[in-house]
Structures are given as structure tokens and as C-alpha cells.
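# Observations on the three-dimensional arrangement
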Amino acid sequence: MATASAPGKIILVGEHAVVYGRPAIAAPVWEVMATATITDRMLGTGCLLVAHDIGLQQPLATLPDSQPLAAVTRLTLAQLGLPPNPDWQIELRSTIPIASGLGSGAALSAALVRAIFAQAGRETIPAQVSELVYESERFYHGTPSGIDNTVIAYGQPVWFVKGEAPVALTPKCSLTLLIADSGIVAPTKEAVGDVRRGWQTDPARYETCFDAIAAITHEARQAIEVGDVAQLGCLFDANQVLLAQLGVSSPPLERLIHGARAAGALGAKLSGGGRGGNVIALVEPERAEPVRQALLAVGAKQVIRTRLPGAYDD
Ligand code: PMV
């Protein structure tokens, strides 16, 4: 038997622009998690894939490659030189809200890859997990930048540029964030597609916007590394203005963002594909509770509090 898990994730700054080669910063969210457990089945019965949260209980052999979990299972088995249909039950569970920008799909795939490696008695390295998950992510996103699989596979805050090795970031001081779910399901693929159409129609305007987001992302890295939490909050707000200009914000997201700021957040923005999904608010720990209450009062369906540890934490 083998068990493995993987965290959810948030994008702190740089989403959408990251698809166009600009940097972004993302962080794992360990308060929510996907877990994969593999147990042996009777000889000759083949592989059964069970994913409780999406109502999947089906033999691997009957699932098409367009099913991302089946695809990542096959890719991993092939990479390890294992038979394509081992006598295993693979059971997946997740506490990560689905389709809300917290990387639920990538986390399920990452947990699955790690569990298959463990079952085969093999060690995993983050780059390998990331690459296998990326393959399955393509079914969710169309043209993913690769940021989701990277941050989830590395399990620590990362500076990410498409096609480059990620750089692990350690905040100087710990960061407290509230993640507020708008309850609106908005496929990332659609928001990414709309931005692409806008960019094709008016490349100059979009490139200027992406460059401005990149400048904010560079400043955010510095703020994180020197521990300037107030400055990071201002950069969240500046990034949000540009995301709204790209057309990926929405009235419900703006309500959550303004509610958080009015209750004392240092800054707030959408995180991920936008339109729906989640908003993140950076807070001083002592303001976390009033901001959480304010977010619920303006329509958040759920608020997760997370903390990115700082370099000098115990
Ligand atoms: O919706 P999410 O959290 O999976 O994030 C998508 C991030 C984008 O930059 C919009 C797309 C991408 O592939 O990077």
C-alpha cells in the first residue's frame, strides 16, 4: 500500500501575463489537500480508479486519455516501466474546492504520480512530478503556463517563468492570507481564451498590460524577500487594477476585494483565472478575523486562512 498527497495553490501575482512569458509568484496552500492511496487488488483484475469527489469509479482500461487522471496514470506507469494495467485500486480524495482556482486538478494528479512512484518503491523529485502533472493539466487549461503543476509539485512559494526552472522563494516574514471563494465556477480555459482573443485584436495594449504586471511581480518578489508586507499589499491592489483591465475580474469578485480592503486588508486581488473562483487578501494576523467576517458578509461562500512561513519562523 502507498499513500501520497499534494497541496492546493494560489497565485500571488502575475496570472494571465505568465501565459505570455512574464513572471508570476505562486504558493502552496497546505490547509487543503489531495490524497492518493494505492492498494493491491486480486491478480488479473486490473487497475480501478476511484475519485470520490468527482464521482469516478471505473477501470483504468475503460477510461479515455482525455480523462486527465487516466492520462497521468498511464504516463507515470510508462515512465516507470510498469505494466499498463496493474492490479491496483487507486483511490483519490481531496479537500480542495473544485474549479475555483486552487489547483484541485493538478493536486489530484500530483498526489497520484507520487503514490504510483511510492508503490513502485521509487523516489520522486519535484521536477519529474511537475512534468507528468503538466501533461494532464493540458486537458483542463488548453494552454497552461505550467505554474499550477510547478508550485504543487515543489510545495513551496515559487518564482515562475514559463520554460525556465522555477526559483524557490522564502518570505523574510510570514505572510497571512485569506482565500475567499466567490462560489462562482468559471473555467480558466475560457478566461485564458478571452484574453488571447483580446491580445490578438489589440496586441500593443495587451503587451503593455502584461509588462506592467511583470513590473509588479518583480516588485512583489522584492517585497516578499525583504519582508515589506505593506508594500506587497499595495502591489496586490495594483495587480488587480490591471487584471480588471484585461477583463478577467467581475462584479462579485470586486465586491469581495473591496469588502476585504474596507475591513483592513493590506491588499486584495483575484487569484487564478478570474471571473469567478477565488480572491486573496493579505492581512496582518490580528486583522484576519474581521476581514474574514467582512468577506463572508459580502458573499464569500468559504474563507480559508493560510500562512506562508517566513525565514525566521520557529
Ligand atoms: O485558474 P488557475 O488557478 O488554474 O490559474 C490559471 C492561471 C493563468 O495564468 C490564468 C493560466 C495559466 O496557465 O497560467
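Read on for an overview of the structure. Given the structure is predicted, the values throughout are model-derived calculations rather than measurements.

Thresholds applied
- Residues numbered from 1 in each chain as written.
- Predicted model: local features only at pLDDT ≥ 70, side-chain atom pairs only at ≥ 80, totals over all residues.
- Heavy atoms only, no water.
- Phe/Tyr/Trp six-rings, centres within 6.5 Å; stacked < 30°, edge-to-face > 60°.
- Helix = DSSP H or I, 4+ residues; strand = E, 2+ residues; numbered from the N terminus.
- Buried < 20%, exposed > 50% of the residue type's maximum accessible area, 1.4 Å probe, protein only.
- Pairing = 2+ DSSP bridges.
- Axes fitted to C-alpha atoms, helices over the stretch in contact; angles between N-to-C directions.
- Parallel < 35°, antiparallel > 145°, perpendicular 65-115°, else oblique.
- Left-handed = near helix turned anticlockwise from the far one by under 90°.
- Contact = heavy atoms within 4.5 Å.

## Quick look at the packing of aromatic side chains
Taken as a whole and assessed by the stated rule, the structure comprises 3 aromatic pairs. With a centroid separation of 5.0 Å and an interplanar angle of 55°, the aromatic rings of tyrosine 20 and tryptophan 199 are classed as tilted. A residue pair is termed long-range when its members are at least 10 positions apart, and tyrosine 20 in the loop between β1 (2-13) and β2 (24-40) and tryptophan 199 in helix α5 (residues 188-201) qualify at 179 residues. Residue tyrosine 20 is classed as buried on the basis of its relative accessible area of 13%. When the centroid spacing of 6.2 Å and the interplanar angle of 65° are considered together, the rings of tyrosine 206 and phenylalanine 210 count as edge-to-face.

## Some words on the pairing of β1
Within β1, 10 of the 12 residues are buried, which leaves the element mostly enclosed by the surrounding structure. Sheet topology places β1 next to β2; 11 bridges connect them, and they run antiparallel. When the bridges of β2 are listed, alanine 6 appears paired with alanine 34.

## Quick notes on the pairing of strand β3 (residues 48-51)
Going residue by residue along β3, you find Leu48 and Val50 tucked away on one face and Leu49 and Ala51 tucked away on the opposite face as well. Pairing of β3 with strand β4 (residues 56-59) involves 4 bridges; the strand directions are antiparallel. When the sheet's bridge partners are listed, leucine 48 is paired in β4 with proline 59. Turn length for the β3-β4 hairpin, with the two strands adjacent in sequence and antiparallel, is 4 residues, and the turn residue glycine 55 shows positive phi of about 65°.

## Let's talk about the packing of helix α6 (residues 203-226) against helix α7 (residues 229-245)
In helix packing, the relevant descriptors are the interaxial angle and the interaxial distance, both defined with respect to the helix axes. The contact between α6 and α7 brings their axes to 9 Å, and the two run at 165°. For the element pair α6 / α7, the angle class is roughly antiparallel. Like other packed secondary-structure pairs, α6 and α7 cross with a definite hand, here left-handed. Residue-level contacts link Arg205, Cys209, Ala212, Ile213, Ile216, Glu219, Ala220, Ala223 and Ile224 of α6 to Gln231, Leu232, Leu235, Ala238, Asn239, Leu242 and Gln245 of α7.

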